[in-house]
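Results of the structural survey
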Amino acid sequence: GAVVSQHPSRVICKSGTSVKIECRSLDFQATTMFWYRQFPKQSLMLMATSNEGSKATYEQGVEKDKFLINHASLTLSTLTVTSAHPEDSSFYICSARVITVARQVDWGGYTFGSGTRLTVV
Amino acid sequence: GQSLEQPSEVTAVEGAIVQINCTYQTSGFYGLSWYQQHDGGAPTFLSYNGLDGLEETGRFSSFLSRSDSYGYLLLQELQMKDSASYFCAVRDRGFQKLVFGTGTRLLVSP
């Protein structure tokens, strides 16, 4: 099946530093990647949609300059949290829609990375 | 925009049946799906309803009523491993993004 590999799974960083999170599609091409943030005991909130070779589309209220998204290839999308602060501590997870060559996979076709637990101290 | 409301928490005992409701408001509807998420893990797909009615997948079933903007997930023969968070979700057709509901935490006790 379609797999998205997300790294790192956990990261602790100091305030003011930047952290990069990578999501790689291992056995399919992900033209679009979705980035979510999830605070404890809350829902997944969509932050942005990244498209290969073009600028990401950010959801309302998400700071573009703080959460840098790059989708330079069909298999790699990255999220960089710049100048991280304790309030950025959260669970970040990526997702891709899997579209097969022969048939467009519908609802079962969203595959998720394993998530990154970011703690800013 | 879209908003999906779920009860925050549901408790049940092993072997029981539990129903998790989802009411939604969307600017266009392209089906309702359900995901399970264990603490610290990724969401996993459970079920999808594109049309009204009941969809059954093993111990899990999902129901949709488009006229009522309402759906539910039914879990039967509950097991301890079913303790997790459950989310309903809708798709934004234009951008293909998935928007999640508020989530329901299910606690299954012995």
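Before reading further, recall that the structure is shown in the block above.
Below: a short report on this structure. (Residues numbered from 1 in each chain as written. Chains lettered and ligands numbered in written order. Predicted model: local features only at pLDDT ≥ 70, side-chain atom pairs only at ≥ 80, totals over all residues. Heavy atoms only, no water.)

1. Some thoughts on the sheet that holds strand 7 (residues 67–73) of chain A
All names here are of chain A. Basically, it comes down to this: If DSSP finds at least two bridges between two strands, the strands pair. Only DSSP runs of H or I covering at least 4 residues are called helices, and only runs of E covering at least 2 are called strands; the numbering of each starts at the N terminus. Fitting a line to C-alpha atoms yields each axis, with helices limited to the stretch in contact; the angle taken between N-to-C directions then spans 0 to 180 degrees.
Strand order in the open sheet made by the 4 strands is 1-3-8-7, with antiparallel pairing throughout. Both edges of this open sheet fall to strand 1 (4–7) and strand 7, since each of them pairs with a single strand only. Neighbour to neighbour, the strand axes of the sheet diverge by 15 degrees on average, direction disregarded. When strand 7 meets strand 8 (residues 76–81), the two strands line up antiparallel, connected through 5 bridges. Counted as the bridge partner of Leu68 is Thr80 from strand 8.

2. Some points on unusual backbone geometry
Keep this limit in mind: The cut-offs for exposure are 20% and 50% of the maximum accessible area for each residue type, with area from a 1.4 Å probe on protein chains only; residues under the lower value are buried, those over the upper are exposed, and the others partly exposed.
The omega torsion across His7 of chain A and Pro8 of chain A is -5 degrees, close enough to zero to call that bond cis. Structurally, Pro8 of chain A is set in the loop between strand 1 and strand 2 (10–13). In this model, Ser83 of chain A sits at a positive phi of 45 degrees, which is unusual for a non-glycine residue. Positioned with a positive phi, Ser69 of chain B is a non-glycine residue whose angle comes to about 50 degrees. Assignment of secondary structure puts Ser69 of chain B in the loop between strand 7 (60–65) and strand 8 (70–75). Overall, the relative accessible area of 25% leaves Ser69 of chain B in the partly exposed class.

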